[in-house]
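An overview of the molecular structure
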Amino acid sequence: MDLNTITTVAHPQTRAELPAWTAGDAWLAGGTWLFSEPQVHLRRLIDLTDLKWPALTITDSHLSVAATCTVAQLDGFVCPPDWLAAPLIGQCCRAFLASFKIWKTATVGGNLCMSLPAGPMISLTAALDGVCTIWKASGGEQKIPIVDFVIGNQRNRLTPGDLIRQIDIPVAALKRRTAFRQISLAPVGRSAALLIGSLDAGGTLTLTVTASTVRPIQLPFSKAPDASALRDAIAQQITDDLYHTDIHGKPLWRKHMTLRLAEEIRSELLGATSS
């Protein structure tokens, strides 16, 4: 869609060249949502592509994912063989309600900023203990765990002019065993529940619930839970008001599917004999 209210497009190449944020500004990365509907309140786009952030960088302790990394780049990344959680990347990329054309332009940071309950990059990075680095409009940086970054349906911790720079995923999290479950109300519909479980070498099971809830919710179990303990923990920590409702699923059904998929994950990672 043409954005016919835009009068200026800025092309900064460094952080120092980022213009002072004013009302009517918007960051431009992939632009798949930005150009999908009228944005009559906007006057200037600040194009991030000339910053040329490396899409994916492996350090001794983290995988750093640039906010401008596209879904296609992430999906095509070849992980080290000891990253047992590597299949999650492809599974979450395929949870997008998007075509391959969108994959080539939609960005990881954009998915986080939209903060939709069904955002699969939120699911992926939250489940793997990702931490986002935010360039504050006032200067400096702020680091926030992804599980705390999204605070509600299309609500997050960003303030006007803030910019996500990258998401750091610990290598230790990428070496955990994982299990993935996702369901939609329609065959090609938006995720109504997307749950990820992980099991570390010490036996701690972590369940991350997204899509069925308005924000990511993480439940750690230092002791292997049986089926009853799992259900009780979900009931206590995910109250009815946290379940999302829209045309893709009503809260009661989302709650039922959350409980069902959580038990499937528990059985897969711990074995049904612990029930």
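Our subject is the structure that appears above.
This section reports on the structure supplied with the text. A quick note: this is a predicted structure, and the numbers were derived from the prediction, not measured.

Quick word on the packing of aromatic side chains
A full pass over the atoms with the stated rule returns three aromatic pairs. For the pair Trp 53 and Trp 135, a centre-to-centre distance of 5.5 Å together with 85 degrees between the ring planes defines the contact as edge-to-face. Separated by 82 residues along the polypeptide, Trp 53 in the loop between β3 (44-47) and β4 (56-58) and Trp 135 in strand β6 (residues 131-135) bring together distant segments of the chain. The buried category is assigned to Trp 53, whose relative accessible area is 12%. A residue is classified by how much of its surface remains accessible, and Trp 135, at 10% relative accessible area, is buried. Considering the side-chain rings of Phe 77 and Trp 83, the 6.4 Å spacing of their centres and the 45 degrees angle between planes classify their relative orientation as tilted.

Focus: the nonpolar core
One finds Leu 112 and Met 121 to be the most contacted residues of the largest nonpolar core, which totals 52 residues. The leading source of residues in this core is helix α5 (residues 120-127), at five residues. With 23 residues, the next largest nonpolar core counts Val 214, Ile 217, Leu 230 and Ala 262 among its residues.

Some words on the pairing of strand β10 (residues 163-170)
In terms of burial, β10 is largely enclosed, as seven of its eight residues are buried. Pairing of strand β5 (residues 62-66) with β10 involves five bridges; the strand directions are antiparallel. Paired with Ser 64 across the two strands is Asp 168, which belongs to β10. As paired elements, β6 and β10 share five bridges and run antiparallel to each other. In the strand pairing of β10, Cys 132 is matched with Ile 167.

Section: unusual backbone geometry
One non-glycine residue with positive phi stands out, namely Lys 52, at about 55 degrees. Note that Lys 52 resides in the loop between β3 and β4. Notably, Gln 154 is not glycine yet its phi reads approximately 60 degrees, a positive angle. Summarising the element assignment, Gln 154 is placed in the loop between β8 (150-152) and β9 (155-156).

Looking at the packing of helix α8 (residues 227-237) against helix α9 (residues 251-270)
In contact at an axis separation of 10 Å, α8 and α9 are set at 140 degrees when each is read in the N-to-C sense. Between α8 and α9, the interaxial angle falls into the category oblique. Crossing of α8 over α9 shows right-handed handedness. Judged by residue contacts, Ala 227, Leu 230, Arg 231 and Ile 234 of α8 engage Thr 258, Leu 259, Ala 262, Glu 263 and Arg 266 from α9. By residue class, the composition of the contact of α8 with α9 is five nonpolar, one polar and three charged.

Some points on α9
Between its first and last C-alpha atoms α9 spans 28 Å; for 20 residues at 1.5 Å apiece the expected length is 28 Å, and the two agree. For α9, every residue scored as buried is listed here: Arg 254, Met 257, Thr 258, Leu 259, Leu 261, Ala 262, Ile 265, Arg 266 and Leu 269. Looking at the packing, one finds that the buried side of α9 touches β11 (177-184), β12 (191-199), β13 (205-210) and α8. Downstream of α9 by one or two residues, Gly 271 has phi in the positive range, about 95 degrees.

Focus: the sheet that holds strand β7 (residues 141-145)
Strand order in the open sheet formed by five strands is β4-β5-β10-β6-β7, with antiparallel pairing between adjacent strands. Where the open sheet ends on each side, the last strands, each with one partner, are β4 and β7. Ignoring strand direction, the axes of neighbouring strands in this sheet form an average angle of 20 degrees.

Here we look at the pairing of β3
Burial along β3 is two-sided: Arg 44 and Ile 46 and Leu 45 and Asp 47, pointing in opposite directions, are all buried. Sheet topology places strand β1 (residues 8-10) next to β3; three bridges connect them, and they run parallel. Considered in β3, the bridge of Val 9 is made with Leu 45. As paired strands, strand β2 (residues 25-28) and β3 are joined by four bridges and run parallel to one another. Directly across from Trp 27, in β3, lies its bridge partner Ile 46.

Some thoughts on the sheet that holds strand β14 (residues 217-221)
The strand order across the open sheet built from four strands is β11-β12-β13-β14, with neighbouring strands paired in antiparallel fashion. Looking at strand neighbours, the two that pair on one side only are β11 and β14, the edges of this open sheet. Looking at each pair of strands side by side, their axes are set apart by 15 degrees on average, direction ignored. Across the sheet, α5 is in contact with β12, β13 and β14; its angle to β12 comes to roughly 15 degrees.

Cut-off values and rules
Residues numbered from 1 in each chain as written. Predicted model: local features only at pLDDT ≥ 70, side-chain atom pairs only at ≥ 80, totals over all residues. Heavy atoms only, no water. Phe/Tyr/Trp six-rings, centres within 6.5 Å; stacked < 30°, edge-to-face > 60°. Helix = DSSP H or I, 4+ residues; strand = E, 2+ residues; numbered from the N terminus. Buried < 20%, exposed > 50% of the residue type's maximum accessible area, 1.4 Å probe, protein only. Core = buried A, V, L, I, M, F, W, Y, C linked by side-chain atoms within 4.5 Å. Pairing = 2+ DSSP bridges. Axes fitted to C-alpha atoms, helices over the stretch in contact; angles between N-to-C directions. Parallel < 35°, antiparallel > 145°, perpendicular 65-115°, else oblique. Left-handed = near helix turned anticlockwise from the far one by under 90°. Contact = heavy atoms within 4.5 Å. Nonpolar A, V, L, I, M, F, W, Y, C, P; charged D, E, K, R; others polar. Expected span 1.5 Å × (residues − 1).

None of this, on its own, says anything about what the molecule does.
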